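# Overview (structure and organization)
Listed here are the chains, written in short residue letters.
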Amino acid sequence: MILKEVVLNNFRNYALQTVQLGSGTNVFFGNNAQGKTNFLESVRYMSIGKSMRTSREKELIKWDEECARIKAVVQSGQVSKRLDVALYQQKSKTVKINSVPISKMGELMGVVATVLFSPDEIGIIKNAPSDRRRFIDISLCQLSKAYFYALNRYNKILLQRNTLLKSGRADENSLAVWDIQLVSEGARIAKSRAGFIKRLEELAKANHAYLSSDKEELTLEYEGITGESSEEISEKMTAKLKEDREKDLRQGYTHSGIQTDDLKVSVNGTDIRKFGSQGQQRTAALSLKMAEVDLYNQEKGEYPILLLDDVFSELDKTRQKRLLQKINGLQTIITCTHFEFENVGGRYFKVTNGSIQPVDADNSY
Ligand SMILES: Nc1ncnc2c1ncn2[C@@H]1O[C@H](COP(=O)(O)OP(=O)(O)O)[C@@H](O)[C@H]1O
Ligand SMILES: [Mg+2]
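Here is what the cut-offs are and how they apply
- Residues numbered from 1 in each chain as written.
- Chains lettered and ligands numbered in written order.
- Predicted model: local features only at pLDDT ≥ 70, side-chain atom pairs only at ≥ 80, totals over all residues.
- Heavy atoms only, no water.
- Pairing = 2+ DSSP bridges.
- Helix = DSSP H or I, 4+ residues; strand = E, 2+ residues; numbered from the N terminus.
- Salt bridge = Lys/Arg side-chain N within 4 Å of Asp/Glu carboxyl O.
- Buried < 20%, exposed > 50% of the residue type's maximum accessible area, 1.4 Å probe, protein only.
- Core = buried A, V, L, I, M, F, W, Y, C linked by side-chain atoms within 4.5 Å.
- Domains from an automatic or database assignment.
- Contact = heavy atoms within 4.5 Å.
- Phe/Tyr/Trp six-rings, centres within 6.5 Å; stacked < 30°, edge-to-face > 60°.
- Axes fitted to C-alpha atoms, helices over the stretch in contact; angles between N-to-C directions.
- Parallel < 35°, antiparallel > 145°, perpendicular 65-115°, else oblique.
- Nonpolar A, V, L, I, M, F, W, Y, C, P; charged D, E, K, R; others polar.
- Right-handed = clockwise from strand over helix to strand, strands pointing away.
- Near = heavy atom within 4 Å.
- Polar contact = N/O pair within 3.5 Å; in protein donor to acceptor, adjacent residues only side chain to side chain.
- Areas by Shrake-Rupley, 256 points an atom, 1.4 Å probe, with all protein chains shown as cover.
- Buried area = accessible area lost by both parts, 1.4 Å probe.

### With respect to the pairing of strand E14 (residues 347–352)
Consecutive residues of a regular strand have side chains that alternate between opposite faces of the sheet. Across 4 bridges, the pairing between strand E3 (residues 25–29) and E14 is parallel. Bridge pairing links Phe29 to Lys350 in E14. Where E14 folds back on strand E15 (residues 355–359), the antiparallel hairpin that results is connected by 2 residues, among which Asn353 adopts a positive phi of roughly 45 degrees.

### Quick look at the pattern of salt bridges
Evaluation of the coordinates by the stated rule reveals 30 salt bridges. Lys289 serves as the salt-bridge partner of Glu121, at 2.7 Å between the closest nitrogen and oxygen. Of the two residues, Glu121 sits in helix H2 (residues 119–122) while Lys289 sits in helix H8 (residues 278–300), which places them 168 residues apart along the sequence. With respect to burial, Glu121 and Lys289 carry one shared label: buried. Among the salt bridges present, the one from Glu292 reaches Lys289, with a minimum N-O distance of 3.6 Å.

### Re the nonpolar core
Formed by 84 residues in total, the largest nonpolar core has its most connected members in Leu3, Leu21, Phe28, Phe39, Leu220, Leu288 and Ile333. Here this core gets 12 residues from one element, more than from any other, and that element is helix H5 (residues 172–211). In this structure, this core is formed jointly by two domains, domain 1 (1–113 + 304–365) and domain 2 (125–300), each of which donates at least three residues. In this structure, Leu3 is in contact with Leu21, Val43, Ala72, Val73, Val74, Val112, Ile305, Gln331 and Ile333, ignoring residues within four places of it in sequence. Among the nonpolar cores identified, the runner-up in size contains 17 residues, and Ile122, Leu306, Leu323 and Leu324 belong to it.

### Points about the packing of aromatic side chains
The full count for this structure, using the stated rule, is 3 aromatic pairs. When the ring of Phe28 is compared with that of Phe349, the centres are 4.5 Å apart and the planes differ by 15 degrees; the resulting orientation is stacked. In this pair, Phe28 is assigned in strand E3 and Phe349 in strand E14, connecting sequence segments 321 residues apart. As far as the burial class goes, Phe28 and Phe349 line up, both buried. Each ring, one from Phe148 and one from Tyr149, has its centre 5.6 Å from the other, and the planes form 75 degrees; the classification is edge-to-face.

### A look at the packing of helix H3 (residues 129–143) against helix H4 (residues 145–167)
Axis separation between H3 and H4 bottoms out at 5 Å; the angle between their running directions is 130 degrees. Between H3 and H4, the angle falls in the class oblique. Residues Asp137, Leu140, Cys141 and Leu143 of H3 pack against Lys145, Tyr147, Phe148 and Leu151 of H4. Looking at the contact of H3 with H4, its residues break down into 6 nonpolar, no polar and 2 charged.

### With respect to the pairing of strand E13 (residues 332–336)
The buried fraction of E13 amounts to 5 of the 5 residues, a majority that puts the element mostly inside the structure. Side chains Thr332, Ile334 and Cys336 of E13 all project onto a buried face; the interleaved residues Ile333 and Thr335 project onto the opposite face, where all are buried too. Alignment of E3 against E13, held across 5 bridges, turns out to be parallel. Paired with Asn26 across the strands is Ile333, a residue of E13. The pairing of strand E12 (residues 305–309) with E13 spans 4 bridges and is parallel. What sits directly across from Leu307, in E13, is Ile333. Since E12 and E13 lie parallel, the crossover through helix H9 (residues 317–327) that links them has a hand, and here it is right-handed.

### Points about the site of ligand 1
Looking at ligand 1, there are 15 residues lining it, with Ala33, Lys36, Thr37, Asn38 and Glu59 nearest. One nitrogen or oxygen atom from the main chain of Arg12 is found 3.2 Å from a nitrogen atom belonging to ligand 1. Interatomic distance of 3.1 Å between a backbone N/O atom of Trp63 and a nitrogen atom of ligand 1. Contact with the protein chains covers 79% of the free accessible surface of ligand 1, which is 580 Å². The class makeup of the residues in the shell around ligand 1 is 3 nonpolar, 7 polar and 5 charged.

### Looking at the sheet that holds strand E5 (residues 79–88)
Sheet strands associate in pairs through backbone hydrogen bonding, adopting either a parallel or an antiparallel arrangement. Read across the open sheet, the 6 strands follow the order E2-E1-E4-E5-E6-E7; overall the sheet is antiparallel. The sheet is open, and its two borders are formed by strand E2 (14–20) and strand E7 (100–101), each paired with just one other strand. By the bridge criterion, 2 bridges tie strand E6 (residues 94–97) to E7 in an arrangement that is antiparallel. Within E7, the residue paired with Ile97 across the bridge is Val100. Its contacts with the sheet place helix H1 (residues 36–48) against strand E1 (2–11), E2, strand E4 (67–76) and E5, and it is angled at close to 115 degrees to E1.

### Section: the domain arrangement of the protein
Under the domain assignment, the protein is made up of domain 1 (1–113 + 304–365) and domain 2 (125–300). Of the roughly 1900 Å² buried at the junction of domain 1 and domain 2 (both faces included), carbon and sulfur atoms supply 61%. Connecting domain 1 to domain 2 are 2 salt bridges. For Asp294, the salt bridge is made with Lys326, and the minimal N-O distance between the two is 3.0 Å. Seen at the junction of domain 1 and domain 2, the total is 8 residue pairs in polar contact (both at pLDDT 80 or more). Secondary structure elements with two or more residues in the side of domain 1 that touches domain 2: H1 and H9. When its residues are assigned to classes, the side of domain 1 that touches domain 2 shows 11 nonpolar, 4 polar and 7 charged.

Below you can see the structure in the form of structure tokens.
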């Protein structure tokens, strides 16, 4: 998959900006606070339908402006698609694909597939479980619209169940109605997550061995309700909801379900979420991300677009080199302040105060 062109209009600190991307490495460099991450954010937005930095979408609109637009042309195989996102201060956003407005955000999933490497993402091993769930969910949503819809339905049901619990008017009968729906969507999601982690593990293991020069063995484990079949998972979820009912009523929220899942990450048998060195945690995060790239390719027969926001400074020379080898040949958008590693070819862009200028690679420094 190749992102050909991005046009930003009143998005963050960009007034009007067109960028023609190359099919290989695209390096965006410049001082801090010039707009490098803003550009990546616009690409990620088209990919997952939200920002990786904020849930308040109005922040994406250039200050004092009414509307922000992101337009893009993406090519997958022989098929080229035009995307057009408009965010407004006063009304709901619109998303068009080939000039046709989409009615559900799910239609956007997978149109521009991206894998994000950033200092935040490099922290996913040591961060809270919610960050690891987000990683799994974003990855799965890009692979499957059905997963995206199931997750959205689940979250709505959970919200309603929690609202009922908080209202103090909940009882056995009113909760039972929500429980049936919660379990039906929850079991579907748990099954997808478990399957995804199993496949991811195989690929992450190989990547981790490569990054650690075969010194470390990575294992992944899904921490959630598992079972051989959807029926078995549903039964276990139902039983757990019953078990937690009194606690739910007393404390006013739902204690069990896929919203509490986690991903256990171990190296040579040790859980590195808590007991890993920073180096192990970073390597493992990189291995997971690389595995995400590989898995997407296995599933879809093409590579996603890689977004590398300021990550090279976080990695030692060996890992920088191996990461560069891995991304060789894929479309990559890299941001950095200092381009420390050797010239990797591709296109170079200088970012200065909301303006992006293509530059000749040899004269960039
Ligand atoms: N909605 C907005 N309107 C105008 N400028 C913005 C908006 N949001 C952020 N900015 C500006 O964008 C700059 C940060 O850009 P960013 O892409 O994060 O920098 P970097 O190049 O370091 O990655 C800051 O100067 C900030 O003031
Ligand atoms: Mg930045």
